[in-house]
Structure formats: structure tokens, C-alpha cells
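Commentary on secondary and tertiary structure
Spelled out, the chains give:
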Amino acid sequence: MLRRFRNVVRIGPVRVGTANDQRGRVKHTAVCTAPRCDFSADYDTRAAAELAARTHRCPVR
């Protein structure tokens with residue numbers, strides 16, 4: 001299923017977006033866009049996703 005993200009913001013190399021999951025619940029996702037960085041996570045609150053984006057450090061340099 002294709003997730004439609006809304007309210008997408010970029011914090012450094014990390015993008016934070018809001019979407020509904022398969023059960024219709026609202027989820028907030030943080031994804032790093034840097035090459036070879038596999039960081040991505042779903043959160044229940046927007047604040048948690050933005051905090052993860054602000055504190056994320058890519059292990060690949």
C-alpha cells in the first residue's frame with residue numbers, strides 16, 4: 001500500500017512526515033535521506049519524530 005505523506009518538513013538530512021497506517025491510525029515518520037544511511041522510524045507523536053530528526057547522527061561518513 002502506498003502511504004501518502006502530508007506536512008513534510010526537512011530537518012538536516014532527515015525528513016519528517018505524517019501519514020495514516022494500514023489501520024487508519026496517524027503515524028509520524030522520520031527518514032534520513034543521506035546515502036547509505038538506513039535510519040527510518042515511525043512514532044506516535046509529531047514531537048517524537050522531530051526530536052529523532054534533530055538528534056540523528058548518520059553513522060556513515
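Here's a quick rundown of the structure. Remember, it's a predicted structure, so these values are computed and weren't measured experimentally.

This next bit is on the sheet that holds strand β2 (residues 14-20). Spatial strand order, β1-β2-β3-β4: 4 strands in an open sheet with antiparallel pairing. Bordering the open sheet on either side are β1 (6-11) and β4 (40-43), each of which pairs with just one other strand. Taken pair by pair, the neighbouring strands of this sheet meet at an average axis angle of 20°, ignoring direction. Sheet topology note: the β1/β2 ladder contains 4 bridges and is antiparallel. When the sheet's bridge partners are listed, R6 is paired in β2 with T18.

Within the element layout of this structure, R36 appears in the loop between β3 (26-32) and β4. Distance from R36 to R3, taken between C-alpha atoms, is 22 Å for residues 33 residues apart in sequence.

Calculation notes
Residues numbered from 1 in each chain as written. Predicted model: local features only at pLDDT ≥ 70, side-chain atom pairs only at ≥ 80, totals over all residues. Heavy atoms only, no water. Pairing = 2+ DSSP bridges. Helix = DSSP H or I, 4+ residues; strand = E, 2+ residues; numbered from the N terminus. Axes fitted to C-alpha atoms, helices over the stretch in contact; angles between N-to-C directions.

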